[in-house]
Amino acid sequence: DKDLIKVFMGVRRCGKSTLLTQIRELLLERGVSEAQILNVNYESKRFDHIKDADSLYDYVCQWQSECDGKAYLFFDEIQEVKNWEEAINSFRVDFDCDIYITGSNSRLLSGELATNLRGRYVSFNVFPFSFAEAKQYYKNEGVAISDEKLFADFLKYGGFPQRFVFNDDDARNVYLSDLYETIVLKDVVENKGIRDVSRLKRLIRFMASCIGSEVSPKKISDTLQSEGHKIAPATIECYLEAFIECFIFYKADRFDVKGKKLLKTLNKYYFVDM
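Quick caveat, the model's predicted, so the values are computed rather than measured.

J.: Looking at this structure, how should I read the packing of aromatic side chains?
T.: Working definition: an aromatic ring pair is given by the centre-to-centre distance plus the angle between the planes. The full count for this structure, using the stated rule, is 21 aromatic pairs. The interplanar angle of 20° and the centroid separation of 5.2 Å between the aromatic rings of Phe8 and Phe124 together place this pair among those described as stacked. Within this pair, whereas Phe8 is found in strand E1 (residues 5–9), its partner Phe124 is found in strand E5 (residues 121–125), the two being separated by 116 residues in sequence. Classification of Phe8 as buried rests on a relative accessible area of 9%. Classification of Phe124 by relative accessible area gives partly exposed; the value is 35%. Relative to Phe151, the ring of Phe131 has its centre 5.7 Å away and its plane inclined at 85°; by these criteria the two rings are edge-to-face. Taken together, the residues Phe131 in helix H5 (residues 131–140) and Phe151 in helix H6 (residues 147–157) connect sequence positions 20 residues apart. Owing to a relative accessible area of 43%, Phe151 belongs among the partly exposed residues under this scheme. Put simply, the rings of Tyr57, Phe75, Phe91 and Phe95 pair up and form one aromatic cluster. Taking NZ or CZ as reference, Lys6 lies 4.9 Å from the ring centre of Tyr100, over its face. Lying across the ring of Tyr157, Arg172 places its NZ or CZ 5.1 Å from the centre.

J.: Even after reading the chapter, I still don't get the pattern of salt bridges, so can you show me in this structure?
T.: Note that side chains of opposite charge can pair when their charged atoms are close. For the structure on display, the rule yields 17 salt bridges. Across the pair Asp96 and Lys70 runs a salt bridge, and its minimum N-O distance is 3.1 Å. Separated by 26 residues along the polypeptide, Asp96 in the loop between helix H3 (84–94) and strand E4 (97–103) and Lys70 in the loop between helix H2 (53–64) and strand E3 (71–76) bring together distant segments of the chain. Owing to a relative accessible area of 49%, Asp96 belongs among the partly exposed residues under this scheme.

Rules used in this analysis
Residues numbered from 1 in each chain as written. Predicted model: local features only at pLDDT ≥ 70, side-chain atom pairs only at ≥ 80, totals over all residues. Heavy atoms only, no water. Phe/Tyr/Trp six-rings, centres within 6.5 Å; stacked < 30°, edge-to-face > 60°. Helix = DSSP H or I, 4+ residues; strand = E, 2+ residues; numbered from the N terminus. Buried < 20%, exposed > 50% of the residue type's maximum accessible area, 1.4 Å probe, protein only. Lys NZ or Arg CZ within 6 Å of the ring centre and 35° of its normal. Salt bridge = Lys/Arg side-chain N within 4 Å of Asp/Glu carboxyl O.

Written out as structure tokens, the structure is:
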């Protein structure tokens, strides 16, 4: 009920949709009626026909005309809508509403959005479970597991929430493998129009082998070229930016250098989930 657009960002399947569900449940507990809540999830084919700002605005206007009281608008994976920020900004101006959105791309809050919605939104970064949260999950489920066993499990399978519902190793491996393919193919390859998928995956495997080490596009290019895989530094830089935009990697910059040294500094890259 604050006049700010709430934006949840993070890698695909890290729990953003679940957070929206929990917020909706909280609203219902506080007396908000179902008729006041609109949920638009772009992972559903039901909304395939609403892919631009105008059609989204028309859809919400039609729904709002039948809404009695304050409207609560939830938009999941909003980056699927072209120029979506224009519609979101109009909702703020035209309706008495509370807006929540999620996205799987860091560019969500760059460029036009930052200009159109400056000072009108608050963003939250959402991550897979930490070790402490994994421990809390098992506690909530009434599952007894030692810290040592849970730590070994967490090191092997990481913290993506959905993987905790599987009880056997094969099912977890299949789920995580499919999730990896979805994130790489849909969020990186499809959105960026990358043609050489095998080269992209080779780069990801290379980056996985040097977590915590200082790397640069030139250094990566030289290393891969010595192994018989020719990739230009400029191409690698584009790939790395795509990984960061989709929250696969997070980049750590040096903070103790100044001036020209900043241009020479090597960066470190970390996976969102081990």
